Amino acid sequence: MYEKWLVGVDLGGTTIKIAFISQHGEIIYKWEIPTNTKEKGQHIPTDIAKSIDQTLNKLNQNKSKLIGIGIGAPGPVNFRNGSIDVAVNLGWKNFHLKDLLEMETSLPVVVENDANAAAIGEMWKGAGEGAKDLLCITLGTGVGGGIISNGEIVHGINGAGGEIGHITSVAEGGAPCNCGKKGCLETIASATGIVRLAIQELSSTSIPSVLREVYNEHQTLSSKQVIEAVSQDDEIAKKVMENVTFHLGIALANLANGLNPEKIVIGGGVSKAGNILLDPLKKHFAHFAFPRALQGVELAIASLGNDAGVIGNAWLVKKS
Ligand code: ZN
């Protein structure tokens, strides 16, 4: 049987992940190319088009095998024309991604925000398991989010829907956030936030901690080291994780109170902590969630890892 493929592209600041994906969501072939940010990122669409052609050649396939391309990009998307208003990491300003990539590939292109695409991926093939009302939060260097309501991504009026990371978590005296505000969830519940809180905690007490030795030796810490220290029953690390899950629990509970989701999927590097994160998070979440919203929802760690983006973008092509 001749089955056509979908192309999923996940555009990051350092690498571009590309995959040929079946219409059932199985990855046929995936690869990566470096993100060329030279000359304000203007070569990116050509690089993607060339790489798709080269890979088709390698697999002895013709372009007619492809249905279209779904691409997830960092930053808010302008949904009227598939352009990206600003993507600082890529050097883009008012960049007409959809038009340029369609011109280079002669294929239809769908553009989506990367965190939203990851949410769709988890809904289709991951921990979301087909839930039509789903929240997806990515705890990485920053905190990204995607909200799916009744099977549709919540984009909002100008593409800022799902910016869960910028929910205000500390009303007064919070740490500065990249968005220009202070006290955003991202300043606490990201890998960066965990490290910041741990260092702050180390300098404000003299409680013995395995983290103190690491910090004194290297003058820095990683979120992974903090998470590992929790499993060694380290007091400072446990206090940090308690703080992180408390703020995350309030934010997710308040979102759940408004959206009544079936699933909340937690992804990103920090989610590798598994139950060290999930157990205290469930406790705080339950404390702040409206009883009926709590009854309906399940919290789960994301299952697709780095593939969530390409799979979600492929789904968006299939659906378009
Ligand atoms: Zn912010």
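Located above this text is the structure these notes cover.
Residues numbered from 1 in each chain as written. Predicted model: local features only at pLDDT ≥ 70, side-chain atom pairs only at ≥ 80, totals over all residues. Heavy atoms only, no water.

What follows is about the layout of surface pockets. Any space left empty among the atoms is revealed by the rolling of a water-sized probe across them. Here the largest pocket defines a volume of roughly 1,700 Å³. Taken together, 48 residues line the largest pocket, and the ones lying closest to its centre are Pro-74, Asp-114, Thr-138, Gly-142 and Gly-144. Of all the secondary-structure elements, those providing two or more residues to the lining of the largest pocket are strand 1 (5-11), strand 2 (15-21), strand 6 (83-87), helix 4 (114-125), strand 9 (134-139), strand 10 (143-149), strand 12 (263-267) and helix 12 (308-319). Here the element with the most residues in the lining of the largest pocket is helix 4; it accounts for 4 residues. (1 Å grid on protein atoms, 1.4 Å probe; cavity = no way out; pocket = protein on both sides within 12 Å on 5 of 7 lines; lining within 4 Å. Points joined across faces, edges and corners; volume = space filled by probe spheres on them. Helix = DSSP H or I, 4+ residues; strand = E, 2+ residues; numbered from the N terminus.)

One can describe the packing of helix 8 (residues 223-231) onto helix 9 (residues 235-259) by two numbers: an axis separation of 8 Å at closest approach and a directional angle of 110 degrees. Overall, the two elements helix 8 and helix 9 adopt an arrangement that is roughly perpendicular. Here Val-226, Ile-227, Ala-229 and Val-230 of helix 8 lie close against helix 9, whose contacting residues are Ala-237, Lys-238, Val-240 and Met-241. Across the contact of helix 8 with helix 9, the residue classes tally to 7 nonpolar, no polar and 1 charged. (Axes fitted to C-alpha atoms, helices over the stretch in contact; angles between N-to-C directions. Parallel < 35°, antiparallel > 145°, perpendicular 65-115°, else oblique. Contact = heavy atoms within 4.5 Å. Nonpolar A, V, L, I, M, F, W, Y, C, P; charged D, E, K, R; others polar.)

Our focus in this paragraph is the environment of Pro-108. On the secondary structure map, Pro-108 appears in the loop between helix 3 (97-105) and strand 8 (109-113). Those residues in contact with Pro-108 that lie beyond four places of it in its chain are Ile-67, Gly-68, Ile-69 and Glu-102.

Glancing now at the coordination of the zinc ion. At the metal site, the zinc ion is ligated by His-166 (ND1), Cys-177 (SG), Cys-179 (SG) and Cys-184 (SG), and these contacts range over 2.0 to 2.3 Å. Coordination at the zinc ion comes from 4 donor atoms whose angles at the metal span 105 to 118 degrees, giving a geometry best classed as tetrahedral. The motif formed by the donor residues of the zinc ion, counted along the single chain, is H-x10-C-x1-C-x4-C. Look at Cys-179 and you get partly exposed, because its relative accessible area is 38%. (Donors = N, O, S within 2.8 Å, 3.2 Å for Na, K, Ca; no water. Tetrahedral: all angles 85-135°; square planar, octahedral: opposite > 155°, others 65-115°. Buried < 20%, exposed > 50% of the residue type's maximum accessible area, 1.4 Å probe, protein only.)

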